[in-house]
Amino acid sequence: MRTYRLVIACPDRVGIVAKVSNFLALYNGWINEASHHSDEQSGWFFMRHEIRAESLPFGIEAFREAFAPIAEEFSMTWRITDSAQKKRVVLMASRESHCLADLLHRWHTDELDCEIPCVISNHNDLRSMVEWHGIPFHHVPVDPKDKQPAFAEVSRLVEECGADAVVLARYMQILPPQLCQAYAEKVINIHHSFLPSFVGAKPYHQAALRGVKLIGATCHYVTEELDAGPIIEQDVVRVSHADSIEDMVRFGRDVEKMVLARGLRYHLEDRVLVHGNKTVVFN
């Protein structure tokens, strides 16, 4: 079913829900799903409505025009999107295939409602898997002595594709600040731990040496500060002293795939609202 997704953040006060509901009722808007959250600490209010597109007498541009006075009255930061317009998602990867393969499978089976215009990688290892899906593969090697030319090409490709989002599916390079700024709240990363635990190389080896009982993964938006962006989704799996490092790597890959797929789905469905360095996720 085609829906419009109305997403709102504004200073909290009396009458916000009533005003929005009355507006939708005035135009016979049929609400399929409604989510609200009042954050007492920040004094902000967050809202997400899914409205049946066919129930309204106008299209999305006319909706924006009619709703603008209410948005101004309540000092809203807001957006409305059309579920019929699939978001374009550029995937980036290096050598590890598990997250990329999982997302490609979910896209191939229509579990992820998006378009994938291309995959970008700094290695050629995953080319055949990507091209089997009929998706263009761009090999952009990164010279450790001068990374600027590579990221200039990455920026060109992302812009050329008209990307609405970029997913780092275990892409093992740090994005430059200008790319993070240009695609703020649109670049999604998966991190192999509960941030900031066990950062750097060989996180599961670090975890095994510490005798941890839980390992997990964090899906977050990318910012200029490494692995410190707003968190979208997290999950854990239990481990014990009997599990080897190889077991932990296997468990970790499984949870990374699940967390990244969920985080991307929430983003595609406009379920994530960023406020400062925190998120409200209506899942």
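Residues numbered from 1 in each chain as written. Predicted model: local features only at pLDDT ≥ 70, side-chain atom pairs only at ≥ 80, totals over all residues. Heavy atoms only, no water.

With an unreviewed UniProt entry as reference, the chain is termed Formyltetrahydrofolate deformylase, source organism Pseudomonas soli. Under the UniProt heading Sequence similarities (unreviewed entry), the entry covering the chain gives this text: "Belongs to the PurU family." The heading Pathway (unreviewed entry) in the UniProt record of the chain holds the text "Purine metabolism; IMP biosynthesis via de novo pathway; formate from 10-formyl-5,6,7,8-tetrahydrofolate: step 1/1." (UniProt positions renumbered as here; feature names shortened; annotations may be inferred.)

### Looking at the UniProt feature "active site" (unreviewed entry) in the chain
If you check UniProt for "active site" (unreviewed entry), the listed places come out as D227 in our numbering. Locating D227 in the fold gives a position in the loop between β11 (214–221) and β12 (231–238). (Helix = DSSP H or I, 4+ residues; strand = E, 2+ residues; numbered from the N terminus.)

### Comments concerning the domain arrangement of the chain
Parsing the chain into structural domains produces domain 1 (3–82) and domain 2 (88–281). Centre-to-centre, using C-alpha coordinates, domain 1 lies 31 Å away from domain 2. Counting from both sides, the interface comprises 16 residues of domain 1 and, opposite them, nine residues of domain 2. Both sides of the domain 1 and domain 2 interface together cover about 960 Å² of buried area, and 52% of this is carbon and sulfur. Our count for the contact surface shared by domain 1 and domain 2 stands at four salt bridges. Residues R271 and E50 are paired through a salt bridge, measuring 3.6 Å at the closest nitrogen-oxygen approach. Counting every contact that joins domain 1 to domain 2 gives seven residue pairs in polar contact (both at pLDDT 80 or more). Mapped onto the side of domain 1 that touches domain 2, the elements with two or more residues apiece are β1 (3–11), β2 (31–39), β3 (44–52) and β4 (77–82). Considering each element in turn, the side of domain 1 that touches domain 2 owes the most residues, five residues, to β3. Grouping the constituent residues of the side of domain 1 that touches domain 2 by class yields six nonpolar, four polar and six charged. (Domains from an automatic or database assignment. Contact = heavy atoms within 4.5 Å. Buried area = accessible area lost by both parts, 1.4 Å probe. Salt bridge = Lys/Arg side-chain N within 4 Å of Asp/Glu carboxyl O. Polar contact = N/O pair within 3.5 Å; in protein donor to acceptor, adjacent residues only side chain to side chain. Nonpolar A, V, L, I, M, F, W, Y, C, P; charged D, E, K, R; others polar.)

### Observations regarding the packing of helix α3 (residues 98–108) against helix α8 (residues 245–268)
As a packed pair, α3 and α8 sit with axes 9 Å apart at the nearest point and diverge in direction by 45 degrees. With respect to each other, α3 and α8 are oriented oblique. Crossing of α3 against α8: the hand is right-handed. Contact residues: H98, C99, D102, L103 and R106 in α3; R253, E256, K257, L260, A261 and L264 in α8. Each residue belonging to the contact of α3 with α8 can be placed in one class, and the counts come to five nonpolar, one polar and five charged. (Axes fitted to C-alpha atoms, helices over the stretch in contact; angles between N-to-C directions. Parallel < 35°, antiparallel > 145°, perpendicular 65-115°, else oblique. Left-handed = near helix turned anticlockwise from the far one by under 90°.)

### Some details on the sheet that holds β4
Sheet architecture is open: four strands sit in the order β2-β3-β1-β4, paired in antiparallel fashion. At either end of the open sheet lies a strand with only one pairing partner, and these are β2 and β4. Within this sheet the neighbouring strands show an average axis-to-axis angle of 5 degrees, counted without direction. Judged from the eight bridges that link them, β2 and β3 form a sheet pairing that is antiparallel. In the strand pairing of β3, S35 is matched with R48. Together, β1, β2 and β3 form the strand contacts of helix α1 (residues 16–26), whose direction differs from that of β3 by roughly 20 degrees. Helix α2 (residues 60–73) contacts β1 and β4 of the sheet and is inclined by roughly 165 degrees relative to β4. (Pairing = 2+ DSSP bridges.)

### Brief notes about the UniProt feature "domain: ACT" (unreviewed entry) in the chain
As recorded in UniProt, the sites labelled "domain: ACT" (unreviewed entry) are residues 5–85. Across residues 5–85, helical content stands at 31% and strand content at 38%; the span's end C-alpha atoms are separated by 11 Å.

### Let's talk about unusual backbone geometry
Here the phi dihedral of N28 falls at roughly 65 degrees; this positive angle occurs in a residue that is not glycine. Here N28 shows up in the loop between α1 and β2. A positive phi angle, near 55 degrees, is found at D270, a position not held by glycine. Within the secondary structure layout, D270 lies in the loop between α8 and β13 (272–275).

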